[in-house]
Amino acid sequence: MKQNLLHAVVGLVLAMTTQSLFAQDVTEAVSVKNDVTLRSDKADEAFPTNKTLELYTLLKDDKSIERDFIGLMYFQVPVKSGYSVKTATLKLVTERAKGDLAIYALGADVSDADTYNSQKENVTIARASEPLVVTKLKGTSGKATFDGGASSNLEDWVNTIDLTDYVQQQANGKVNLLLVNHAESTPTSIQVYTSDAEDMTNTKVEPNFTFKADDLKPLLTVVYEKNENVMSSVLDPTADTWVMKGNASSRGTAEKIELCYQEQTDQVPKEIDGLMSFHLPALALSADYTIKSALLRLVSERVKGDKNVNVYGYESFDENTIYANEADKIAAAKTEGNLIATFAAHGSNKAMPYDELPDAYKTVDAWVNEIDLTDYVKSQAKQDVHLLLAKATLSNESVMFYSKDLAADIINAQDASLVFKKEELLPHLTIVYEKTGTTGVSQVNAEKVADDAYYNLQGVKMNSNNLPHGIYIHQGKKVVK
């Protein structure tokens, strides 16, 4: 009897061990990081704390927009070394079911501080593409969840949307979505719950019922499968500092990188530039692997004056350098041909540690900048990547980013309950690289060689009759339209 029991226990342990060894799929529930309604009637206002995204577009007789309510949503899907995305399913819960929802890929970062005007160009480009999905929203037709006659069964309001193809194409894990009402023109809105949803109690139905907030919020469920061909590395800077023209101080241990390009009374600009280096893993540059993406993450400490920042390729530097030692190299680097990227720094016209912050800027996400360096890193094919950061135009005040030398969490001086964690503020470069010859975004684009359609850089098919100015993939090659 005891021997049989022992055999049973051993068998169970072996079965569980074998199952764990061969269970290769990993599931992760990814919460939305940013979601915001954009309104054409209040085109310079942000609405990041609305409980729902309100969506409708009303056109005039001449087909121009009279009123436009649209929604943006951003998920950061974790990039798991040795795994690739198998499936990605978006859950959205309807607040009112009065039409069809269209979801487009947005080729720009989504921030809670976004406004209709700040994203207008990106939205126009997205709308010119084919939608990722068009779906009739579930729910009691013509009703909101709190109306009489509304279904009390939550599942009747839950929309399950397959975004696998799109998420698989995002090597950096950034999933930025545009949500619109698919009706050509309507004064009636459809709405879905946001990350700010609260408990919803319907008192107009007997018996009353309540949907819990956590059940209403958007969720992206990602299933990963083992794929040893895909690797990723999150790299801290090997060096970062800033240098000031006419100043001999070294700032290699400063907690912030300052950028400024300010007109002075003697007409000589005050020039402050940042320098940053990263050391890539040798495997990523080997003949056996191809770099799929290189994404630089910087967190703003303040964004004052003009927000635009240029990123240039640079030669090597010593972290304890001063401006005089770098002047010639800085001048040589600041050329149009050496420009890698220009981005508008995210953040308030305040200093994160010291000032009272607007509600939209009380999360780290509102201060995060993610800059795509993929083409530059691939073209350099060097293990050490050196960058120069500079203000793009003359302005009166500074932009600052946190450096690798930040020593502690940031506690806001005006609100001690507002704490920004150190580990969320540090800069890093995320490299995703894939074994040569395996399936990836590059192969996905190559498969479209025989296809006469145009695709944006996110791999989304565009409407070729209405292409905005930009870079596209056509017959397997990059083209400018």
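Residues numbered from 1 in each chain as written. Predicted model: local features only at pLDDT ≥ 70, side-chain atom pairs only at ≥ 80, totals over all residues. Heavy atoms only, no water.

A. Structural detail: the overall build of the protein. Regarding its fold elements, the protein presents 9 helices and 29 strands. Going through the 481 residues of the protein one by one, you find that 48% of them count as buried. Taking as baseline every contact in the protein between residues at least 6 positions apart, the subset at least 24 positions apart corresponds to 78%. Carbon and sulfur atoms make up 47% of the accessible area of the protein, which totals about 22,700 Å². (Helix = DSSP H or I, 4+ residues; strand = E, 2+ residues; numbered from the N terminus. Buried < 20%, exposed > 50% of the residue type's maximum accessible area, 1.4 Å probe, protein only. Contact = heavy atoms within 4.5 Å. Areas by Shrake-Rupley, 256 points an atom, 1.4 Å probe, with all protein chains shown as cover.)

B. Region of the structure containing the side chain of Thr145. With respect to the helices and strands, the residue Thr145 is situated in the loop between strand S7 (133-136) and strand S8 (158-162). Looking at Thr145, its side chain comes within polar contact range of the side chain of Tyr193, at 2.6 Å. What Thr145 contacts, discounting residues up to four positions off in sequence, is Thr94, Glu95, Ala150, Trp157, Tyr193, Met200, Asn202, Phe209 and Phe211. (Polar contact = N/O pair within 3.5 Å; in protein donor to acceptor, adjacent residues only side chain to side chain.)

C. Looking closely at the environment of Asn308. Within the element layout of this structure, Asn308 appears in strand S19 (residues 308-313). In this structure, the C-alpha to C-alpha distance between Asn308 and Ser395, residues 87 residues apart in sequence, is 9.9 Å. Setting aside its immediate chain neighbours within four residues, Asn308 contacts Thr342, Phe343, Ala344, Ala390, Lys391 and Ala392.

D. Fine view of the confidence of the model for the protein. For the protein, per-residue confidence averages 88 on the pLDDT scale, and residues scoring 70 or more make up 85% of the total. Under a pLDDT of 50 for its full length, residues 13-22 has, in the predicted model, 0 contacts with residues more than four places off or in other chains. Segment residues 439-450 is flagged for pLDDT under 50; beyond a separation of four residues in sequence, or across chains, it makes 16 contacts in the model. (pLDDT = per-residue confidence, 0-100.)

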